Amino acid sequence: MSIDYEYIRENIHVKYDELYLKKILLSFYNQSLDISTFSIENRNINKVLNYFFEDLLYNAKSKNGKYSPSQIINNDILLDIALKYINEHRNFYHNKSDITNLKDFFFSSSMVGKVTNFNPVIARKIFEYYMPFQNSTIFDYSCGYGSRMLGALSSKYDYNYIGIDPYTHLYKRLLLFSDWIKNTIHNNGDTILFNTGSETPIPSLFNKIDLSFSSPPYFNYEIYTEEYSQSYIKYPTYNEWKNNYILPTIINIYNYTKPNGLHIVNLQDTKRIKIIKDWLDIALATGFKLEEIRNIETLKRKSTKTENKLLVMRKS
Ligand SMILES: C[S@@+](CC[C@H](N)C(=O)[O-])C[C@H]1O[C@@H](n2cnc3c(N)ncnc32)[C@H](O)[C@@H]1O
């Protein structure tokens, strides 16, 4: 079997036609979502996120596996191992193209630590369920790969969206993405992005936020970039991270939130880190009141037994 490495490297990220993506976004914008359940009603919209963010997402690595997808794609030996494995497990990988099979492999093999991205349909449902009011202001304290931005800007509630991410390359991509969304659909809300860590206070946000929601880093479970501004690089032990990232982040969010506003966080414990209890304890000590805890459907490989929890709190 001769492998065309360059073909795979050049075509791993699908080069969708922009008009096609605009149609997908418009149809998502015009779709009313059933907010009585946080299920995923539209899977096509992920193509839009892949087009803008998949390359950066593939550079990141989770502790779930040994290599990031990019490390495999860019190394002939690792790529050989992956394709050989696929070839030997045809009952699972069927006869799709090498590229489609590789993408399935990145999702299902323990050789690969592919990082997760929150689902944009669930993000929009969370906003529309908890904040069904025109022009409310949403704060995403850890934007990541654009899913909450997409969820907020594609809602008919014309949300204002304020987002933060310290990863400079990703921040620039998020700026492009918000412009692209606003050039495609009608949204009267304002979008403001900050290229900083959420532990740094931003005085202009005091008392401006109706609802904060994000999926923060789970300490060093996922490595997004080697930039120093990453919370797990600045604060390399879990205790330091808890005191210098979680605590000031929650205090900032509390100060940004209007009275009666909501603070929502999507969390997942890892084998070693019990972040759900720590986040909740700090938020309650800061002054938030717990309203509910919900389980969240996420796309995970079957071997991963951990569950995502959505903590919903209010500033009374
Ligand atoms: C959104 S989070 C977690 C992604 C998660 N797996 C998900 O499902 O959405 C990932 C982002 O956290 C960002 N991040 C790292 N340090 C941060 C900090 N101090 N403040 C805010 N965001 C931070 C990273 O740059 C990265 O883009």
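Everything quoted here is computed from the prediction, not taken from an experiment.

(A) Expanded view of the overall build of the protein. The number of helices and strands found in the protein is 13 helices and 9 strands. A globule of 316 residues ought to have a C-alpha radius of gyration of about 20 Å, and the protein, at 20 Å, matches this closely. Seen through its C-alpha atoms, the protein measures out along the principal axes to roughly 65 × 45 × 35 Å. In the protein, which comprises 316 residues, the proportion classed as buried is 53%. When the accessible surface of the protein is split by element, carbon and sulfur atoms take 52% of a total near 14,600 Å².

(B) Summary view of the pairing of strand E4 (residues 191-194). Bridge count for strand E3 (residues 160-164) against E4 is 4 bridges, and the pairing is parallel. By the bridge assignment, Gly 163 is partnered in E4 with Leu 193. With helix H10 (residues 168-184) bridging E3 and its parallel neighbour E4, the resulting β-α-β unit is right-handed.

(C) Up close: the nonpolar core. With 102 residues, the main nonpolar core has Ile 126, Phe 177 and Trp 279 as its most contacted residues. Top contributing element to this core by residue count: helix H12 (residues 238-256), with 8 residues. Looking at this core, you find at least three residues from each of domain 1 (5-108) and domain 2 (120-315). Setting aside residues up to four positions removed in sequence, Phe 177 forms contacts with Val 48, Leu 49, Phe 52, Phe 53, Gly 146, Met 149 and Leu 150.

(D) Quick look at unusual backbone geometry. Positive phi outside glycine occurs at Asn 135, with the angle close to 60°. Residue Asn 135 is classed as partly exposed on the basis of its relative accessible area of 38%. For Asp 158, which is not a glycine, the phi torsion comes out positive at approximately 50°. Secondary-structure assignment places Asp 158 in the loop between helix H9 (147-153) and E3. On the basis of relative accessibility, which here comes to 10%, the residue Asp 158 falls in the buried class.

(E) How the structure looks around the environment of Pro 216. With respect to the helices and strands, the residue Pro 216 is situated in the loop between strand E5 (209-214) and strand E6 (222-223). The sequence separation of Pro 216 and Thr 184 amounts to 32 residues, and the corresponding C-alpha distance is 28 Å.

(F) Expanded view of the pattern of salt bridges. Taken as a whole and assessed by the stated rule, the structure comprises 12 salt bridges. Within the structure, one salt-bridge network assembled from shared partners comprises Glu 6, Arg 9 and Asp 76.

(G) Main features of the environment of Thr 168. Considering the arrangement of structural elements, one finds Thr 168 in helix H10. Classification of Thr 168 by relative accessible area gives partly exposed; the value is 28%. Spatially, the C-alpha atoms of Thr 168 and Glu 227 are 8.4 Å apart, while their sequence positions differ by 59 residues. If we ignore the near neighbours within four places in the chain, the residues touching Thr 168 are Asn 195 and Glu 227. Reaching out from Thr 168, the side chain makes a polar contact with the side chain of Asn 195 at a distance of 3.4 Å.

(H) Region of the structure containing the side chain of Asn 42. For Asn 42, the location among the structural elements is in the loop between helix H2 (18-30) and helix H3 (46-59). Residue classification places Asn 42 among the buried residues on the basis of a relative accessible area of 9%. Side-chain polar atoms of Asn 42 contact the backbone nitrogen of Asn 44, separated by 3.0 Å. Within the structure, Asn 42 has its side chain in polar contact with the backbone nitrogen of Ile 45 (distance 3.1 Å). Apart from the residues lying within four places of it in its own chain, the contact partners of Asn 42 are Phe 28, Gln 31 and Val 121.

(I) Up close: the packing of helix H5 (residues 76-88) against helix H7 (residues 98-108). Direction vectors running N to C along H5 and H7 enclose 95°, while the axes themselves pass 10 Å from each other. With respect to H7, the element H5 is oriented roughly perpendicular. For the pair H5 and H7, contact is made by Leu 79, Ala 82, Leu 83, Tyr 85 and Ile 86 and by Asp 98, Asn 101, Leu 102 and Phe 105, respectively.

(J) A look at the domain arrangement of the protein. When its domains are assigned, the protein resolves into domain 1 (5-108) and domain 2 (120-315). Taking only C-alpha atoms, the centre of domain 1 and the centre of domain 2 are 24 Å apart. With 37 residues of domain 1 at the contact, the number on the domain 2 side is 41 residues. Taking both sides of the interface into account, the surface hidden between domain 1 and domain 2 amounts to around 3,800 Å²; carbon and sulfur atoms contribute 65%. Across the contact surface, domain 1 and domain 2 share 2 salt bridges. For Lys 125, the salt bridge goes to Glu 41, with nearest N and O atoms at 2.5 Å. Linking domain 1 with domain 2 are 15 residue pairs in polar contact (both at pLDDT 80 or more). Among the residues making up the side of domain 1 that touches domain 2, the classes are represented as 19 nonpolar, 10 polar and 8 charged.

Parameters at a glance
- Residues numbered from 1 in each chain as written.
- Predicted model: local features only at pLDDT ≥ 70, side-chain atom pairs only at ≥ 80, totals over all residues.
- Heavy atoms only, no water.
- Helix = DSSP H or I, 4+ residues; strand = E, 2+ residues; numbered from the N terminus.
- Rg over C-alpha atoms; globule rule 2.2 N^0.38 Å.
- Buried < 20%, exposed > 50% of the residue type's maximum accessible area, 1.4 Å probe, protein only.
- Areas by Shrake-Rupley, 256 points an atom, 1.4 Å probe, with all protein chains shown as cover.
- Pairing = 2+ DSSP bridges.
- Right-handed = clockwise from strand over helix to strand, strands pointing away.
- Core = buried A, V, L, I, M, F, W, Y, C linked by side-chain atoms within 4.5 Å.
- Domains from an automatic or database assignment.
- Contact = heavy atoms within 4.5 Å.
- Salt bridge = Lys/Arg side-chain N within 4 Å of Asp/Glu carboxyl O.
- Polar contact = N/O pair within 3.5 Å; in protein donor to acceptor, adjacent residues only side chain to side chain.
- Axes fitted to C-alpha atoms, helices over the stretch in contact; angles between N-to-C directions.
- Parallel < 35°, antiparallel > 145°, perpendicular 65-115°, else oblique.
- Buried area = accessible area lost by both parts, 1.4 Å probe.
- Nonpolar A, V, L, I, M, F, W, Y, C, P; charged D, E, K, R; others polar.

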